[in-house]
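Spelled out, the chains give:
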Amino acid sequence: MAILRFKALEQVTQRQPLAVVNTGERRSDSFGKNVFNLDAMRATMPGEYFKKLQAAVKQGNPVERNVADAVASAMKTWAMAKGATHYTHWFQPLTGATAEKHDSFFDLNSDGRPVENFKGSALVQQEPDASSFPNGGIRNTFEARGYTAWDPTSPAFIIETGGAKTLCIPTIFVAYTGEALDYKAPLLKSLAVLEKAALDVCHYFDKDIVRVTTTLGIEQEYFLVDKALYAARPDLMMTGRTLFGHSPAKGQQLDDHYFGSIPARVHAYMLDYEEEANKLGIPLRTRHNEVAPHQFECAPTFEDANLAVDHNQLLMDVMARVADKHDFKVLLHEKPFAGVNGSGKHNNWALSTDTGVNLLSPGRRPKENLQFLTFFITTIKAVHRHADLLRASIASASNDHRLGANEAPPAIMSVFVGSMLDSVMNELERTAKVPLDKGDNIYLKLGIDKIPAILLDNTDRNRTSPFAFTGNKFEFRAVGSSANSSSAVTTLNTIVADQLIDFKNSVDQLIADGRKKEVAIVEVLREYVISSKAIRFEGNGYSDEWKEEAAARGLSNVPTTPQALDAIVTPESAALFERHRIYSPVELHARHEIVLEDYVKKIQIEGRVMGDLAINHIVPTALAYQTKLVNNVRGLRELGLDDEYTNGTLDTIKSISRHVATIKTQVEEMVNARKVANKIDGTREQALAYCDTVKVHFDTIRRSVDKLELMVDDEDWPLVKYRELLFLH
Ligand SMILES: NC(=O)CC[C@H](N)C(=O)O
């Protein structure tokens, strides 16, 4: 193994940045080149069908069959002109990855002649044999049928891999009994529910608003590791994170990587994947070094949430594919390295109207501010009521490692609004109910006449907050870097929609009781400010004081996934999701099962890899080195040198024995605990057992392995060290 490490190190030192050809083409010229977007449709479809399709998409109506036929024919012509030979329904099963099954345009017609075919029926619906995707008990393997159905709101695109070009059609994925088996279907439902709820509330302020869109900008953090080093770390290969590795002397304490100049090899890689992404219509705009050594970030401009999620899923694929060309491996795991920052996927969420207004942006006029406060405060109220659901929506084995340290938020959900809005809310809370006289400036009297327009530039930042207001949007920071954002965003959309509906009912009731509309709105908002105060927190989310205070405020702190997931299946959650037709009780139960199963499997794999590495790689290395030391002591004694000369080495020999013994007993206990856990019926109980009886051994095993790393001759150590993984490129 040490041979592999040194060979890898040699390879890395010889790497050169890959030359990326600068075509001089502007990004805006190649943007969306491989997307069947509006321009491509207009150019290839008869006008009448084009209009019909757009109308159906806008109104959320089903696309008629003859229109679908016209779209399919245009898509085929367009894709074949670009060299595509195959097409696929592209979907997002509950594995977290994307799925595709390619079919050729090529077919034989009835008289056996070869033709290229693609009909509306193949565009609209397919029936992949998808029995091996997670289904949480919804389907039996013998009843493998599942359908993928076209999502006309997300444009088709062409993926190029190794010279092959494939037309990809975004679709939802449902069981043949109708339950959703993917991330997209519930997301689309939640977007529709939120739009309706937000529209109803918008009409208090502007009757002309016809559409409200949820917008999303997804920041993506990641690490890069050289391919050769990666191949010499079985833990990275099998689990996506390092299970062992002593902290290097220098980590991120100097903050010298953050926003530093981008290393040449990485820069070439970034240019390359950005170019690919650009052709796919992914509007990437930002790139920079992140805080940890060899950690980076990219961020697109915000888009319609459904598109933003599709684009992020696609981006993760593109990044992985292009990394290979540059001899890199991209690590999307939330915590690939202990002791330095992990990676998040910060979801910047807002609502915007077809009249061009961002509902989470304070305006210049008082009326706009009341509208802003309505959406702002209602969202906070929703987060307060359903904090546990939001926590559950970001839960995974890998995110558990990230939360609560190194600029990642803790598991306690809270909202950060910044000092300025905090005082606006406190003011609102204090303002007593004011009797209104005719001719009064109602906004002035209610104390909401001015919210400083400079807010956007003046919003503070708080990296320890899971849910932070950043001037004109909320940033859900707790989402993990490898996650499909849909799970978090579907939950957020649903709880905000539910709250907006409640809000509207309360306001309407007050109006019916004779209140002026504005007064009614402010009264309800004031009540929300007061009743949701506990969720607002401006301080340090890592401090012990916050843990105590949060507990006193009644906020939950659930650091581990199996327990956090309980929130999904409470009767209240089931009622909430059913009420809005996001998840039926069956679907909700299935999702709970799937995330639990994923947890069990991830910890199981980690445990296995850990056991293998510790027993078959580390212990033999440590013992071989110890034997060298034993021979050394023996030699010294033969020379007649006494304890004074041998004691230091003897201490190391003993220390090695102690750590080896710890590793052996701990691994054995872990294996036994796994055997017991594997026999447990019931996924929740099994997940709890993995969490409480298997995972608990990880830290102890790691501590001893990492100590051995400090003792054993560097030349003998089999695993690529942290300083090499993080600093060599
Ligand atoms: N500077 C940052 O925003 C760091 C964020 C951090 N990497 C996280 O896990 O969320």
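Computed from a predicted structure; not experimentally measured.

What counts, and where the lines are drawn
Residues numbered from 1 in each chain as written. Predicted model: local features only at pLDDT ≥ 70, side-chain atom pairs only at ≥ 80, totals over all residues. Heavy atoms only, no water. Near = heavy atom within 4 Å. Polar contact = N/O pair within 3.5 Å; in protein donor to acceptor, adjacent residues only side chain to side chain. Areas by Shrake-Rupley, 256 points an atom, 1.4 Å probe, with all protein chains shown as cover. Pairing = 2+ DSSP bridges. Helix = DSSP H or I, 4+ residues; strand = E, 2+ residues; numbered from the N terminus. Axes fitted to C-alpha atoms, helices over the stretch in contact; angles between N-to-C directions. Contact = heavy atoms within 4.5 Å. Salt bridge = Lys/Arg side-chain N within 4 Å of Asp/Glu carboxyl O. Buried < 20%, exposed > 50% of the residue type's maximum accessible area, 1.4 Å probe, protein only. Patch = residues over 30% accessible without salt bridge, like charges linked within 9 Å, V, L, I, M, F, W, Y side chains within 5 Å. Phe/Tyr/Trp six-rings, centres within 6.5 Å; stacked < 30°, edge-to-face > 60°. Lys NZ or Arg CZ within 6 Å of the ring centre and 35° of its normal. Parallel < 35°, antiparallel > 145°, perpendicular 65-115°, else oblique. Left-handed = near helix turned anticlockwise from the far one by under 90°. Nonpolar A, V, L, I, M, F, W, Y, C, P; charged D, E, K, R; others polar. Expected span 1.5 Å × (residues − 1). pLDDT = per-residue confidence, 0-100. Core = buried A, V, L, I, M, F, W, Y, C linked by side-chain atoms within 4.5 Å.

K.L.:
Which parts of the structure should I look at to understand the site of the ligand?
P.N.:
Near the ligand you find 14 residues, and of these Glu221, Gly342, His346, Arg402 and Glu407 are the closest. Within the side chain of Glu407, a nitrogen or oxygen atom sits 3.0 Å from a nitrogen atom of the ligand. In this structure, a nitrogen atom belonging to the ligand sits 3.2 Å away from a side-chain N or O atom of Arg463. The protein chains hide 97% of the 300 Å² of surface that the ligand would expose on its own.

K.L.:
In this structure, what is going on with the sheet that holds strand β11 (residues 220–226)? I would like to understand it.
P.N.:
Strand pairing in a sheet takes place through backbone hydrogen bonds and is either antiparallel or parallel in direction. Sheet architecture is open: four strands sit in the order β12-β13-β11-β15, paired in antiparallel fashion. The open sheet is flanked by β12 (284–289) and β15 (328–331), the only strands paired with a single partner. Between one strand and the next, the sheet's axes are offset by a mean angle of 30 degrees, whatever the strand orientation. Across the sheet, helix α11 (residues 305–325) lies against β11, β12, β13 (295–300) and β15, angled at about 155 degrees from β15, the strand it touches most.

K.L.:
Would you take a moment to explain the pattern of salt bridges for this structure?
P.N.:
When charged atoms on two side chains of opposite charge get close, those side chains can pair. With the rule as written, the count across this model stands at 45 salt bridges. Measuring nitrogen to oxygen at the nearest pair gives 2.8 Å for the salt bridge that ties Asp200 to Lys196. Of this pair, Asp200 and Lys196 both sit in helix α7 (residues 184–202), four residues apart, which is roughly one turn of the helix. Taking the relative accessible area as the measure of exposure, Asp200 reaches 29% and is therefore partly exposed.

K.L.:
What should I look at first to understand the side chain of Arg5 in this one?
P.N.:
Mapped onto the secondary structure, Arg5 falls in helix α1 (residues 2–13). Residues contacting Arg5, with those up to four places away along its chain left out, are Ala232, Asp714, Trp717, Pro718, Leu719, Val720, Lys721, Arg723 and Glu724.

K.L.:
How do you make sense of a nonpolar patch on the surface when you look at a structure like this?
P.N.:
Side chains of Met237, Met238 and Ile605 sit close together on the surface and give an oily, nonpolar patch of about 280 Å² of accessible area. Inspection of the secondary structure puts Met238 in helix α9 (residues 234–239). The class of Met238 is exposed, set by a relative accessible area of 53%.

K.L.:
Even after reading the chapter, I still don't get the packing of aromatic side chains, so can you show me in this structure?
P.N.:
Here the distance between the centres and the angle between the planes together describe a pair of aromatic rings. The final tally for this structure, using the stated rule, is 26 aromatic pairs. With centroids separated by 5.1 Å and ring planes inclined at 65 degrees, the aromatic side chains of Phe469 and Phe474 adopt a geometry described as edge-to-face. On the basis of relative accessible area, Phe474 is assigned to the buried category, the value being 0%. Ring pairs connect the aromatic residues Phe372, Phe376, Phe467, Phe469, Phe474 and Phe476, which therefore count as one cluster. The ring of Phe328 has Arg265 sitting right over it, with the charged end atom 4.1 Å from the ring centre.

K.L.:
Help me understand the packing of helix α15 (residues 419–430) against helix α19 (residues 517–531), please; the structure alone is not making it clear to me.
P.N.:
Between α15 and α19, whose axes approach to 9 Å, the crossing angle comes to 115 degrees. By the criterion of interaxial angle, the relationship of α15 to α19 is roughly perpendicular. Once α15 is placed against α19, the crossing between them reads as left-handed. Of α19, the residues touching α15 (which contributes Met425, Leu428 and Glu429) are Val522, Leu525, Arg526, Val529 and Ile530. Of the residues that constitute the contact of α15 with α19, the class distribution is six nonpolar, no polar and two charged.

K.L.:
Help me understand the sheet that holds strand β18 (residues 467–469) in this model?
P.N.:
Taken in spatial order, the six strands line up as β14-β10-β16-β19-β18-β17 in an open sheet, and their pairing is mixed. Strands with a single pairing partner mark the edges of an open sheet, and in this sheet they are β14 (303–304) and β17 (415–416). In this sheet, strand β16 (residues 347–353) lies alongside strand β10 (residues 212–218) in antiparallel orientation, the contact comprising seven bridges. Paired with Leu216 across the bridge in β16 is Trp349.

K.L.:
Explain the pairing of β11 here, please?
P.N.:
Sheet faces and side chains relate simply in a regular strand, where the side chains alternate between the two faces. With seven of its seven residues buried, β11 lies for the most part within the structure. The side-chain alternation of β11 yields two buried faces, one formed by Gln220, Tyr222, Leu224 and Asp226 and the other by Glu221, Phe223 and Val225. Pairing of β11 with β13 involves four bridges; the strand directions are antiparallel. Within the sheet, the bridge partner assigned to Phe223 lies in β13 and is Gln295. Note that β11 and β15 share four bridges and pair antiparallel. Residue pairing for β15: Asp226 is matched across the bridge by Phe328.

K.L.:
Teacher, can you tell me more about the side chain of Gln295 here?
P.N.:
Within the fold, Gln295 resides in strand β13. Of the polar contacts made by the side chain of Gln295, one reaches the side chain of Ser343; its length is 3.1 Å. Not counting residues within four places of it along the chain, the set of residues in contact with Gln295 comprises Glu221, Tyr222, Phe223, His257, Asn289, Glu290, Asn341, Gly342 and Ser343.

K.L.:
When you look at α19 in this model, what are you seeing that I'm missing?
P.N.:
In an α-helix, one turn spans 3.6 residues; hence positions three or four apart end up facing the same way. With 15 residues, α19 ought to run about 21 Å at 1.5 Å a step, and its terminal C-alpha atoms sit 21 Å apart, in line with that. When we look at burial in α19, the residues that qualify are Glu518, Val519, Ala520, Ile521, Val522, Glu523, Val524, Leu525, Arg526, Tyr528 and Val529.

K.L.:
I tried to follow the confidence of the model for the protein on my own but got confused; where do I start?
P.N.:
In low-pLDDT segments, the atomic positions of the prediction should not be examined closely. On average, residues of the protein score 92 in pLDDT, and 95% of them are at 70 or above. Confidence metrics for the complex model read pTM 0.95 and ipTM 0.98.

K.L.:
Could you clarify how one ought to interpret the nonpolar core in this entry?
P.N.:
Considering soluble globular proteins, one finds that nonpolar side chains tend to be buried as a cluster. Counting 124 residues, the largest nonpolar core has Trp349, Phe375, Phe376, Ile377, Phe474, Phe476 and Phe503 as the members making the most contacts within it. At 15 residues, helix α23 (residues 585–638) tops the list of elements feeding residues into this core. Every residue in contact with Phe375, bar those within four places of it in the chain, is listed here: Ala198, Val201, Cys202, Leu351, Leu359, Leu360 and Leu500. Formed by 28 residues, the second largest nonpolar core is a distinct cluster that contains Val35, Ile159, Leu224 and Met319.

K.L.:
Mind showing me how you'd approach the packing of helix α25 (residues 683–694) against helix α26 (residues 696–711) here?
P.N.:
Describing two packed helices takes the angle between their axes plus the distance from one axis to the other. Between α25 and α26, whose axes approach to 4 Å, the crossing angle comes to 30 degrees. Classed by the angle they form, the pair α25 and α26 counts as roughly parallel. Together, Cys691, Asp692, Thr693 and Val694 of α25 and Val696, His697 and Phe698 of α26 make up the contact between the two elements. Looking at the contact of α25 with α26 residue by residue, the classes come out as four nonpolar, two polar and one charged.

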